Amino acid sequence: SGCGTFTFLSSAVAAVSGLLMGYELSLISGALLQMRSILSLSCKEQEIIVSSLLFGALFASLTGGFLIDRFGRRLAIIIASSLLVLGSLLLLPYESYGILIVGRIAIGISISLSSIATCVYIAEIAPQHRRGLLVSLNELMIVIGILFAYISNYAFASVSHGWKYMFGLVIPLGAVQAIAMYFLPPSPRFLVMKNNDEAARKVLERLRETSDATKELTMIKSSLKDEHQYSFLDLFRSKNNMRARMLVGLTLVFFVQTTGQPNILFYASTVLKSVGFQSNEAASLASTGVGVVKVVSTVPAMAFVDQVGSKTFLCIGSSVMAVSLVTMGLVNHNIHLNFSSICRGQPPEDFFLQRPGNLTGVTNGSFKDLFASMALPERLSFDTQRSTDIARTEELNRTATSAGKSTTGSHMESEEVAVVLKWLSLASLLVYVAAFSIGLGPMSWLVLSEIFPGGIRGRAMALTSSMNWGINLLISLTFLTITELIGLSWVCFIYTIMSLASLAFVIVFIPETKGCSLEQISMELAKQKYVQTPLCWVSQRREKLMPVEPAKREKQQL
C-alpha cells in the first residue's frame, strides 16, 4: 500500500485547517494594538477579546468528539471552515466590542473542531508507513499560519483599520478549503463505523492506488472491534494503569500552558512594545521574527524525532526555556518602564499621531459619512466619542510637536541604553520560542498519541485537549492583569520555575518511546512496575526491544 498523489493531496487540503488555526491564534497579537486604541479597550476588555476565542475552542473540544463520530471527519472540517468564514465576516463591518467577542467565539469553535477532525481524518486516510509524516503536516501548517499572522500584523500595522484586513485575509482560504473538502472522500474508517463496507473499500482503493484493499479493510474492521473493550470511565480506573497514564497526559498538557508560550502568541506585539519597540510597526516586525523561529525550529524537530526521541527533545526544550526565561526576566527587570502601559497601550490620540496624514482635515460629518454604511444604532455614542478624540488629536498634535523638540535631547542617553536591552530581550524571547518549538510544542502531543491504547486514544486526546484549552483560557484571561500587578520580569521568573518543574516531570515520568511500536508502549505502560519505578522503564524497554530490532528492520525492507 503506497502513499499516492491523491492521498497526499487530500491530507494537504485537510491540513489547511492547521494553517487557519495558527493564523487565528496569533493574529490577535498585532490586531490588539489597533483595536485597543480605536475602541479604547480597558485591560480586562483586551483579555476578554483574546480569551473569547479560547472559550469557543473549549466548548468545541468538549462536544467536538461526538460531532466527529456522528457526522464524520470530512463534514466536520467543512462545517468548521464555513463557521470560520462566517465568524470572520461578522467582524468586518462593525466596530463593536460585543460583536468582536461573538465573532471570536465562533472562530474559536471553528479552529478547535477542525483541529480534532483534521488529525483524525489524516491519520485514517494515511497508509501506516506514512502516517507520521502526513499527520505532522498539520503541525507544520500551524507554525506557518503563525508566521503568516505576524507578517500580516506588520503589513497592516500602519494602515487605518488594518485589523479588519488581518481578519479578512483568511476568508477566501477558508471558503476554498470548505469547497475542496466536499470533493474529497470521507474517511474509510468512518464508513466502516457506519457499516458501509463497500464504500470504504472503494475509498481505500482510490487512496492506495490499488485494485484490492481487502487486507487493509479487514484490519480496520478488526481494530474497531477491539476499541469496544474500553469505556470513557476506564480513563479514571486502575485498569492497565489508565489512571496513571491519564495523570501523566494531563500534567504534560498543564506544563505546555503554564510555561507561558501561549501568551507569546497572543501578546507578542504587546510584550515587545513594552520592552522598547515603541511603534506598532516595530513591535509587529519583531513579532514576525517569532513566527520565523517557530517554523525553522519545528522542521528539524519533526525530521529527527524518530532518531533522537521525544523525551530527549522535551528535556532539551525545557532546559533552554528556563535559561532564556531567566535572561528575559533579568533584562526586563533593568528596563525601567511604566508596566501599566503593557495593558493600556497607547491612547487613541497617540495612535492617530503616528499617522498624521490619515485623518488630517476629516470633519465630524465626513467621518460619520465614511462609516455610515456599516453603522449600528448602538454605535452612535461611540462615534460621538470618536469625534471628540479626533478633535483632541489636533490639539495634542500641536503640543506634541513643540514639546518633542525640547525633550529629544534628554531622552537620547536613555534610548541608547535601551537599545541593547530591548534587543537582548528580543533575542532571549526568540531562543525561548525556539526551545518550545522543539520540545513541549510538538513533542507533548506526540507523547499523548502514544501512551494511550488505541481503543480509548480518541477519548483520552479529547479530554487532554479540553484541559489544554481550559488552562489556556485561564492564563490568557489574566496575563495582562498579572503583568500589570507584578511586572513582566516576575512573570518571566514564574515561567522559569514552571519550565524547571516540567523538566523534572519529563525526566521522572515520561518514557522514551523511540523505536517502540504503539503495541509495545501500551504493554509496558500497562504493567504495575511502571507506576512504581518509572525511571527504570527506559532500560527495561531497551532490553526487551533488542530481539525485536532485526525482525523490525527486515519487515521495513520488505
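Position numbers for residues count from 1 along each chain, tracking the sequence in the order it is written. Local features in a predicted model are, by the rule used here, given only for residues with pLDDT of at least 70; side-chain atom pairs are given and counted only at 80 or more, and totals for whole chains, interfaces and linings are based on all residues. Neither water nor hydrogens contribute to the side-chain values; these are computed over all heavy atoms in the structure.

Within the protein, the secondary structure is distributed over 25 helices and 0 strands. Scored against the burial criterion, the 558 residues of the protein give a buried share of 52%. In short, Shrake-Rupley with a 1.4 Å probe defines the accessible areas, and a residue's cover is counted only from the protein chains shown. Surface summary for the protein: the accessible area is close to 24400 Å², and the carbon and sulfur share equals 66%. Each helix is a run of H or I in the DSSP string that is no shorter than four residues. Each strand is a run of E no shorter than two, and both are numbered from the N terminus. Burial status follows relative accessibility: with a 1.4 Å probe on protein chains alone, a residue under 20% of its type maximum counts as buried, one over 50% as exposed, and anything between as partly exposed.

Once that is clear, we can look at the pattern of salt bridges. One speaks of a salt bridge when a side-chain nitrogen belonging to Lys or Arg is within 4 Å of a carboxyl oxygen belonging to Asp or Glu. All told, the structure shown has 5 salt bridges when counted by the stated rule. Note that arginine 201 is salt-bridged to glutamate 198, the shortest N-O span being 3.8 Å. On the criterion of helical spacing, the pair formed by arginine 201 and glutamate 198 is a turn pair, its members being 3 residues apart in helix α9 (residues 197-208). When its relative accessible area of 45% is taken as the criterion, glutamate 198 is described as partly exposed. Residues joined by salt bridges that share partners form a network here, namely Arg73, Glu124 and Arg189.

With that settled, consider the packing of aromatic side chains. Stacked, edge-to-face and tilted labels apply to pairs of Phe, Tyr and Trp rings (six-membered ring for Trp) whose centres lie within 6.5 Å, assigned for plane angles under 30 degrees, over 60, and everything in between, in that order. The final tally for this structure, using the stated rule, is 7 aromatic pairs. Ring centres of tryptophan 163 and phenylalanine 167 lie 6.0 Å apart, and the angle between their planes is 85°; this geometry places the pair in the edge-to-face category. Taken together, the residues span about one helical turn, with tryptophan 163 and phenylalanine 167 both in helix α6 (residues 162-168) at a distance of 4 residues. Taking relative accessible area as the criterion, phenylalanine 167 reaches 0% and is therefore assigned buried. On the numbers, 5.5 Å between centres and 35° between planes, the contact of phenylalanine 505 with phenylalanine 509 is tilted. With phenylalanine 505 and phenylalanine 509 both in helix α21 (residues 488-509), this residue pair falls 4 residues apart, about one helical turn. On the basis of relative accessible area, phenylalanine 505 is assigned to the buried category, the value being 10%. By way of ring pairs, the aromatic residues Phe254, Phe255, Phe505 and Phe509 are connected into one cluster.

Below, the discussion takes up the environment of phenylalanine 71. Turning to its location among the elements, phenylalanine 71 is positioned in helix α2 (residues 43-71). Given a relative accessible area of 44%, phenylalanine 71 falls into the partly exposed group. With 119 residues separating them along the chain, phenylalanine 71 and phenylalanine 190 place their C-alpha atoms 9.1 Å apart.

This next bit is on helix α19 (residues 440-451). Given the number of residues in a helix, its expected span is that number minus one, multiplied by 1.5 Å. With 12 residues, α19 extends 16 Å from end C-alpha to end C-alpha; this agrees with the ideal 16 Å at 1.5 Å per step. With 9 of 12 residues buried, α19 is to be regarded as a mostly interior element. Three or more residues of α19 are buried, namely Leu440, Gly441, Pro442, Met443, Ser444, Val447, Leu448, Glu450 and Ile451.

Residue-level confidence of the predictor, termed pLDDT, takes values from 0 up to 100. For the protein, the average pLDDT comes to 75, and 73% of its residues sit at 70 or higher. For the protein, per-element mean pLDDT is lowest for helix α17 (residues 364-370), which scores 37, and highest for helix α7 (residues 170-182), which scores 94. Should any heavy atoms of two residues lie within 4.5 Å, those residues are considered in contact. Counting interchain partners and residues more than four positions distant, the pLDDT-below-50 stretch residues 531-558 has 26 contacts.

Between helix α11 (residues 242-258) and α21, the least distance of the axes is 9 Å, while the angle of their chain directions is 155°. Put simply, α11 runs roughly antiparallel to α21. When you trace α11 past α21, the crossing you get is left-handed. Two secondary-structure elements touch here, α11 through Val248, Thr251, Leu252, Phe254, Phe255 and Thr258 and α21 through Tyr495, Met498, Ala501, Ser502, Phe505 and Phe509. The residue classification treats Ala, Val, Leu, Ile, Met, Phe, Trp, Tyr, Cys and Pro as nonpolar and Asp, Glu, Lys and Arg as charged. All others, Gly included, are polar. Considered class by class, the residues forming the contact of α11 with α21 number 9 nonpolar, 3 polar and no charged. Axis geometry follows a simple rule: fit a line to the C-alpha atoms, using only the stretch in contact for helices, then measure angles between N-to-C directions, giving values from 0 to 180 degrees. Orientation labels follow simple angle bins: below 35 degrees gives roughly parallel, above 145 gives roughly antiparallel, 65 to 115 gives roughly perpendicular, and whatever is left gives oblique. In a left-handed crossing the near helix is turned counterclockwise from the far helix by less than a right angle, and in a right-handed crossing that turn is clockwise.

Looking at the secondary structure, you find serine 465 in helix α20 (residues 457-486). What serine 465 contacts, discounting residues up to four positions off in sequence, is Ser61 and Trp445.

Met35 and Leu429 are the most contacted members of the largest nonpolar core, which totals 125 residues. With 16 residues, helix α1 (residues 5-38) is the single largest residue contributor to this core. As used throughout, domain bounds are those supplied by an automatic or database domain assignment. Of the domains in this structure, domain 1 (1-184) and domain 2 (234-343 + 413-538) are the two that each give at least three residues to this core. Those residues in contact with methionine 35, other than ones at most four positions away along the chain, are Ile28, Ser40, Leu41, Ile49, Leu100, Trp163 and Phe167. Only buried residues count toward a nonpolar core, which is a set of Ala, Val, Leu, Ile, Met, Phe, Trp, Tyr and Cys residues joined through side-chain atoms within 4.5 Å.

Below, the discussion takes up a nonpolar patch on the surface. A cluster of nonpolar residues, Phe66, Leu67, Phe71, Leu75 and Ile79, forms a patch on the protein surface that exposes about 460 Å² of accessible area. Contributing elements (two or more residues each) for the nonpolar patch: α2 and α3 (73-91). Considering each element in turn, the nonpolar patch owes the most residues, 3 residues, to α2. By the secondary structure assignment, phenylalanine 66 is in helix α2. Patch definition: residues with relative accessible area over 30% and no salt bridge; like charges joined within 9 Å; nonpolar side chains (Val, Leu, Ile, Met, Phe, Trp, Tyr) joined within 5 Å.

What follows is about α7. For α7, which comprises 13 residues, the first-to-last C-alpha distance of 19 Å matches the rise-based estimate of 18 Å (1.5 Å per residue) to within 8%. Within the sequence span of α7, burial applies to Val170, Ile171, Gly174, Gln177, Ala178 and Met181. Down the axis of α7, the smallest arc covering the buried residues is 130°, so these residues share one side. Turned more than 90 degrees off the buried face of α7, the exposed positions are Val176 and Ile179. Where α7 is buried, its residues meet α1, α3, α4 (97-125) and α6. The arc under discussion is defined with respect to the helix axis, by the directions toward the C-beta atoms.

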